[in-house]
Amino acid sequence: MAASHRTADMALPQAEINWDRLDKTKFYLVGAGLFSGISAALYPISVIKTRLQVVGADSVHKTAGAIVRNILTTEGIKGLYRGFGIVITGAIPSRMVFMTSLETTKAATLQIAERMELPEATAAALANGTAGLVSSMASQTVFVPLDVVSQRLMVQGTIGTTQYNGSIDAVRQILKADGIRGLYRGFGMSVLTYSPSSAVWWAAYGSSQRLIWRGLGYGSRVDLEPPSQSKMFLVQASGGIAAGFVSSIATTPLDTIKTRLQVLKGETDGTPTVAQTVKQLIKENGYRGFYKGLVPRFVSMSLWGTSMITSYEFLKRLSVKQEE
């Protein structure tokens, strides 16, 4: 097993870049700009997904197409970017926490997995999955308040929601009504949604990428040249699509409940419980209601995942220390 790991390392030095090989300053600075651009490009899909998850059974805008047409008709293009300002403001610290936790945890877990002599794909899944779980949990303290505010802005105009005059007004009204805990509504569900989702996504990506490389002969043949940039891109993109499919199927029900908890009012005191939310979903659409927004979520996770991972891996290649 050790020999196969050494062979894979020799064949794929550019595709397997660990934390100790990175120039941290370049990694953070370039990464901040890179992921801000990706977030801007894919943000409208999140708006559509969120609207689909909170729309009532009696609404006339029940499909993604209808929602897009309604937004463009009533609000224009800017309607697809409601809440984007606060998201992009908090994206940099949130991403820094996430990336640091991800890389350090992955490196430590991979060492343990290799000492246990686990199969290569299993070791990659364990290391990546653990890193995805830990990094997501660490970044939730920054991300959840941004998520609460941005999603409330996304769904303005739908039944059962509050009107706000921008991000600052939303924060002010939330604090006035519920205090600081109002900014952490759905925190538990957010952790239960995003942390397993992150763990599943990274585990699926890590194992599928290794399996693809092994299928191409890397790790078993010593006569192969290091892969080209285009080959690395295609393998990593394929891993991102596979990871998006697995994680969207596994976590959409939790994401739907979490979104409703964050943006809709309860029947009595204005703060719905998880049980009330689940009951209302079943009442409105049956159990299929838990998969409302599945297609946009899959598209979003696949596009985001593929864009993110190919950009992230490219960022790591750019950030390799110069002495290497």
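In the annotation of an unreviewed UniProt entry, the protein chain is listed under the name Solute carrier family 25 member 44 and assigned to Riccia sorocarpa. Note on the protein chain: under the UniProt heading Subcellular location (unreviewed entry), the record states "Membrane".

A. Inspection of the overall build of the protein chain at higher detail. In terms of regular secondary structure, the protein chain is built from 10 helices and 0 strands. Helices and strands in the protein chain line up, N terminus first, as α-α-α-α-α-α-α-α-α-α. Within the protein chain, buried positions represent 50% of all 324 residues. Excluding contacts between residues fewer than 6 apart, the proportion of contacts in the protein chain whose partners are at least 24 apart in sequence is 79%. Accessible surface computed for the protein chain: about 15,000 Å², of which carbon and sulfur atoms make up 64%.

B. Spatial organisation of the side chain of Thr310. You can see Thr310 is positioned in helix 10 (residues 294-318). Polar contacts involving the side chain of Thr310 include one to the main-chain carbonyl oxygen of Ser307, which spans 3.3 Å.

C. Focus on the nonpolar core. In this structure, Phe27, Trp201, Trp202 and Tyr312 are the most contacted members of the largest nonpolar core, which totals 24 residues. At the level of secondary structure, the elements contributing two or more residues to this core comprise helix 2 (24-54), helix 4 (84-115), helix 7 (187-215) and helix 10. Tallying contributions element by element places helix 2 first for this core, with 6 residues. Dropping the residues within four chain positions of it, Trp202 is found in contact with Phe98, Leu102, Asn128, Gly129, Gly132, Met308, Ile309 and Tyr312.

D. Seen up close, the packing of helix 8 (residues 229-263) against helix 9 (residues 274-285). The contact between helix 8 and helix 9 brings their axes to 10 Å, and the two run at 110 degrees. Overall, the two elements helix 8 and helix 9 adopt an arrangement that is roughly perpendicular. In this structure, helix 8 crosses over helix 9, and the sense of that crossing is right-handed. In this structure, helix 8 uses Thr256, Ile257, Arg260 and Leu261 to contact helix 9, whose residues at the interface are Val274, Thr277, Val278, Gln280, Leu281 and Glu284. Here the residues of the contact of helix 8 with helix 9 sort into 5 nonpolar, 3 polar and 2 charged.

E. Layout of the UniProt feature "transmembrane region" (unreviewed entry) in the protein chain. Residues annotated in UniProt with the feature "transmembrane region" (unreviewed entry) correspond here to residues 27-45. Overall, residues 27-45 shows 100% helix and 0% strand. The separation of its end C-alpha atoms is 27 Å.

F. Region of interest: the packing of helix 2 against helix 4. Remark: helix 2 packs on helix 4, axes separated minimally by 10 Å, with the N-to-C direction vectors making an angle of 130 degrees. With respect to helix 4, the element helix 2 is oriented oblique. For the pair helix 2 and helix 4, the crossing hand works out as right-handed. Counting all contacts with helix 2, which are made through Phe27, Tyr28, Ala32, Phe35, Ser36, Ser39, Ala40 and Tyr43, the residues of helix 4 involved are Phe84, Val87, Ile88, Ile92, Met96, Met99, Thr100 and Glu103. Classifying every residue of the contact of helix 2 with helix 4 gives 12 nonpolar, 3 polar and 1 charged.

Rules and cut-offs
- Residues numbered from 1 in each chain as written.
- Predicted model: local features only at pLDDT ≥ 70, side-chain atom pairs only at ≥ 80, totals over all residues.
- Heavy atoms only, no water.
- UniProt positions renumbered as here; feature names shortened; annotations may be inferred.
- Helix = DSSP H or I, 4+ residues; strand = E, 2+ residues; numbered from the N terminus.
- Buried < 20%, exposed > 50% of the residue type's maximum accessible area, 1.4 Å probe, protein only.
- Contact = heavy atoms within 4.5 Å.
- Areas by Shrake-Rupley, 256 points an atom, 1.4 Å probe, with all protein chains shown as cover.
- Polar contact = N/O pair within 3.5 Å; in protein donor to acceptor, adjacent residues only side chain to side chain.
- Core = buried A, V, L, I, M, F, W, Y, C linked by side-chain atoms within 4.5 Å.
- Axes fitted to C-alpha atoms, helices over the stretch in contact; angles between N-to-C directions.
- Parallel < 35°, antiparallel > 145°, perpendicular 65-115°, else oblique.
- Left-handed = near helix turned anticlockwise from the far one by under 90°.
- Nonpolar A, V, L, I, M, F, W, Y, C, P; charged D, E, K, R; others polar.

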